[in-house]
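What follows is the residue order along each chain.
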Amino acid sequence: MSYSANPTSDGSRPIAVVTGASSGIGEATARMLAAAGFEVIVAARRFDRLQALATEIDGRAAALDVRDRAAVEAFAAGIPRVSLLVNNAGGAYGMESIAQSVDEHWRVMWETNVFGLMLVTRALLPALEASGAGHIVNIGSIAGLESYPNGAGYTSAKHAVVAITETLRVELLGKPIHVTEIDPGMVETEFSVVRFGGDATRAKKVYEGVEPLVAEDIADCVTWVATRPPHVNIDHMRVTPLAQASATLVNRKL
Ligand code: NDP
Ligand code: 8X3
């Protein structure tokens, strides 16, 4: 599918910031937004990957840990105008019951998915407003709409993302800033490898017998919502593989 970014008032390429663009959904989104006419600034911790991507898409790369307030503020200070912020950096660490919770897993999930999203959003809000037609797209999850056993560290963080998105929508009413949340189900990326501490075999089992979404499916959703006419706000999208009806109800052909 091909989409076109809405034009800016001075005819320059609209600027998009994509966090977590060194792999998976963020990387695919950066590529698709560039194809739609955005100048994309890709941000994450693995700078070598970002540099290659930025060269490929004629964008810019920024080494950024979204949990680091000083780094986020310095990053934002260099970008006076932003048309689109895709808050994608995030992920899950571990799968334990609340009784067996691992403090460090919870801390990283909340710091990345929730606190980091707030830091980046807060720092870029003036630049989004200055663009005259800003847009914040938060990548949440089906885990923000449902809860499942052994997932509370992640599901609670993604539920918090829903609350942040809804709050932004009401707080920014009257300003030229669109707000959208996209909540995917299973997408085969590095997500499960990261969740299971690098155990690729365990990660593969998550998608056994199912055709999962791929990163490009969500990139397509982001690019579509970001290229609607300026008077339209897509508030929320929940996107799953056909074989997944809920976080825990999956039709596996084994
Ligand atoms: P990946 O593991 O492939 O990508 C995660 C990205 O987040 C990487 O680019 C990683 O980059 C970045 N990231 C992680 N921590 C930080 C940090 N502290 N600072 C900056 N960047 C960070 O997974 P996905 O592409 O699948 O995940 C993208 C988003 O989609 C996440 O928010 C995830 O929760 C969400 N999601 C994923 C689903 C799935 O099934 N895959 C389903 C629903 C939602 P680096 O390590 O280089 O910093
Ligand atoms: C990833 C989807 O179901 O593993 O956000 O939580 S799930």
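Above this note sits the structure.
Residues numbered from 1 in each chain as written. Chains lettered and ligands numbered in written order. Predicted model: local features only at pLDDT ≥ 70, side-chain atom pairs only at ≥ 80, totals over all residues. Heavy atoms only, no water.

**Comments concerning the overall build of the protein chain**
- Helix and strand counts for the protein chain stand at eight helices and seven strands.
- Its C-alpha atoms give the protein chain principal-axis dimensions of roughly 55 × 40 × 40 Å.
- Sorting the 254 residues of the protein chain into buried and exposed places 49% on the buried side.
- Pairs at least 24 residues apart make up 69% of the contacts formed inside the protein chain by residues separated by at least 6 positions.
- Approximately 11,800 Å² of the protein chain is accessible, and the part contributed by carbon and sulfur atoms is 55%. (Helix = DSSP H or I, 4+ residues; strand = E, 2+ residues; numbered from the N terminus. Buried < 20%, exposed > 50% of the residue type's maximum accessible area, 1.4 Å probe, protein only. Contact = heavy atoms within 4.5 Å. Areas by Shrake-Rupley, 256 points an atom, 1.4 Å probe, with all protein chains shown as cover.)

**Thoughts on the site of ligand 2**
- The environment of ligand 2 is formed by Ser141, Ile142, Ala143, Tyr148, Tyr154, Phe191 and Arg195.
- A distance of 2.5 Å separates an oxygen atom of ligand 2 from a polar atom in the side chain of Ser141.
- Interatomic distance of 2.6 Å between a side-chain N/O atom of Tyr148 and an oxygen atom of ligand 2.
- Of the residues that constitute the shell around ligand 2, the class distribution is five nonpolar, one polar and one charged. (Near = heavy atom within 4 Å. Polar contact = N/O pair within 3.5 Å; in protein donor to acceptor, adjacent residues only side chain to side chain. Nonpolar A, V, L, I, M, F, W, Y, C, P; charged D, E, K, R; others polar.)

**Points about the sheet that holds strand β6 (residues 177–184)**
- Strand order in this open sheet of seven strands is β3-β2-β1-β4-β5-β6-β7, and the pairing throughout is parallel. Of all the strands in the sheet, just β3 (60–63) and β7 (236–239) have a single pairing partner and so form its edges. Strand-to-strand twist of the sheet, defined as the mean angle between neighbouring strand axes without regard to direction, takes the value 15°.
- Note that β6 and β7 share four bridges and pair parallel. Looking at β7, one finds that Asp183 is bridged to Arg238.
- Most of the contacts of helix α1 (residues 24–35) go to strand β1 (residues 15–19), to which it runs at about 170°, and overall it touches β1, β2 (39–44) and β4 (84–87). (Pairing = 2+ DSSP bridges. Axes fitted to C-alpha atoms, helices over the stretch in contact; angles between N-to-C directions.)

**A short note on the pairing of β1**
- Burial analysis of β1 places five of its five residues in the buried class, the great majority of the element.
- Burial along β1 is two-sided: Ile15, Val17 and Thr19 facing one way and Ala16 and Val18 facing the other are all buried.
- The sheet contact formed by β1 and β2 spans five bridges and is parallel. When the bridges of β2 are listed, Val18 appears paired with Val42.
- For the handedness criterion, the β-α-β arrangement of β1, α1 and β2 is classed as right-handed.
- Summarising the sheet, β1 and β4 pair through three bridges and their orientation is parallel. Across the sheet, residue Ala16 finds its bridge partner in β4, namely Leu84. (Right-handed = clockwise from strand over helix to strand, strands pointing away.)

**So, the packing of helix α4 (residues 103–130) against helix α5 (residues 152–171)**
- Relative to each other, α4 and α5 sit at 15°, their axes nearing to 8 Å. As far as their axial angle goes, α5 and α4 are roughly parallel. Read as a crossing pair, α4 and α5 show a hand that is right-handed. Between α4 and α5, the contacting residues are Trp106, Met109, Trp110, Asn113, Val114, Leu117 and Thr121 on the first element and Ala152, Gly153, Tyr154, Ser156, Ala157, Lys158, Ala160, Val161, Ile164 and Leu168 on the second. (Parallel < 35°, antiparallel > 145°, perpendicular 65-115°, else oblique. Left-handed = near helix turned anticlockwise from the far one by under 90°.)

**Focus: the site of ligand 1**
- Residues in contact with ligand 1 amount to 32 residues; listed here are only the nearest, Ser22, Arg45, Arg46, Tyr154 and Thr189.
- At 2.7 Å from an oxygen atom of ligand 1 is found a side-chain nitrogen or oxygen belonging to Arg45.
- Asp65 places a side-chain nitrogen or oxygen 2.9 Å from a nitrogen atom of ligand 1.
- Taking 880 Å² as the accessible area of ligand 1 by itself, protein coverage stands at 96%.
- Elements that contribute at least two residues to the shell around ligand 1 include exactly α1, α4, α5 and α6 (191–195).
- Per-class residue counts for the shell around ligand 1 are 13 nonpolar, 13 polar and six charged.

**Describing the packing of α1 against helix α2 (residues 47–57)**
- The geometry of α1 relative to α2 is characterised by a closest axis approach of 10 Å and an angle of 15° between their N-to-C directions. Judged by the inter-axis angle, α1 sits roughly parallel to α2. Every pair of crossing elements has a handedness; the one defined by α1 and α2 is right-handed. Residues Glu27, Ala30, Arg31 and Ala34 of α1 pack against Leu53, Glu56 and Ile57 of α2.
- For the contact of α1 with α2, the per-class residue count stands at four nonpolar, no polar and three charged.

That is the geometry; function is a separate question.
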